[in-house]
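Residue-level structural notes
Listed below are the residues making up each chain.
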Amino acid sequence: YLEATAVHNEEEGEVTVFAVNRGLDRDMELRCDLRSFGVCWVLEHLQMTCDDLKAVNGPGREVVSPVSLPTEQSGDTISLTLPAASWNVLRLKIPS
């Protein structure tokens, strides 16, 4: 299942969405309805995922780390496909 929450930073004019696909065997769509903010655009999409769910990082070994993904979307609705067992952060710029 998908868990998501959003934070509105009025000072910076941004919305940050934190989303976790807890499903272990299927990708899920995250659809953000942003109509109350107007047309938004993606500033950054960070994702962390790994085929080995028991993978750990240690000294000199970084198996799992956030990766910046290219996401050139804008509009009042943003949709992304989140891989199974993934952690995601989506930073959106909102009009001032």
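Look up: the structure comes first, before these words.
Residues numbered from 1 in each chain as written. Predicted model: local features only at pLDDT ≥ 70, side-chain atom pairs only at ≥ 80, totals over all residues. Heavy atoms only, no water.

Attention now goes to the overall build of the protein chain. A tally of regular secondary structure across the protein chain gives 0 helices and 8 strands. Beginning at the N terminus, the succession of helices and strands in the protein chain can be written as β-β-β-β-β-β-β-β. Along the three orthogonal principal directions, the C-alpha set of the protein chain runs to about 45 × 30 × 20 Å. Here the protein chain, with 96 residues, has 30% of them falling under the buried criterion. Taking contacts inside the protein chain between residues at least 6 apart in sequence as the whole, the part at least 24 apart equals 69%. Put simply, the protein chain shows about 6400 Å² of open surface, and 49% of that area lies on carbon and sulfur atoms. (Helix = DSSP H or I, 4+ residues; strand = E, 2+ residues; numbered from the N terminus. Buried < 20%, exposed > 50% of the residue type's maximum accessible area, 1.4 Å probe, protein only. Contact = heavy atoms within 4.5 Å. Areas by Shrake-Rupley, 256 points an atom, 1.4 Å probe, with all protein chains shown as cover.)

Turning to the environment of R35, a few remarks are in order. By the secondary structure assignment, R35 is in the loop between β3 (28–33) and β4 (40–49). In sequence terms R35 and T77 are 42 residues apart; their C-alpha atoms lie 7.0 Å from each other.

Along a regular strand, successive side chains alternate from one face of the sheet to the other. Across 8 bridges, the pairing between strand β2 (residues 14–21) and strand β8 (residues 86–93) is antiparallel. Within β8, the position partnered with V20 by the bridge is W87. Bridge count between β4 and β8: 8 bridges; the pairing is antiparallel. Directly across from T49, in β8, lies its bridge partner S86. (Pairing = 2+ DSSP bridges.)

A separate point is the state of the cysteines. Following the criterion strictly, the structure yields 0 disulfides and no others. Between C32, a free cysteine, and C40, which holds the nearest cysteine sulfur, the sulfur-to-sulfur gap is 9.5 Å. C40 gets classed as buried once you look at its relative accessible area, which sits at 0%. (Disulfide = S-S within 2.5 Å.)

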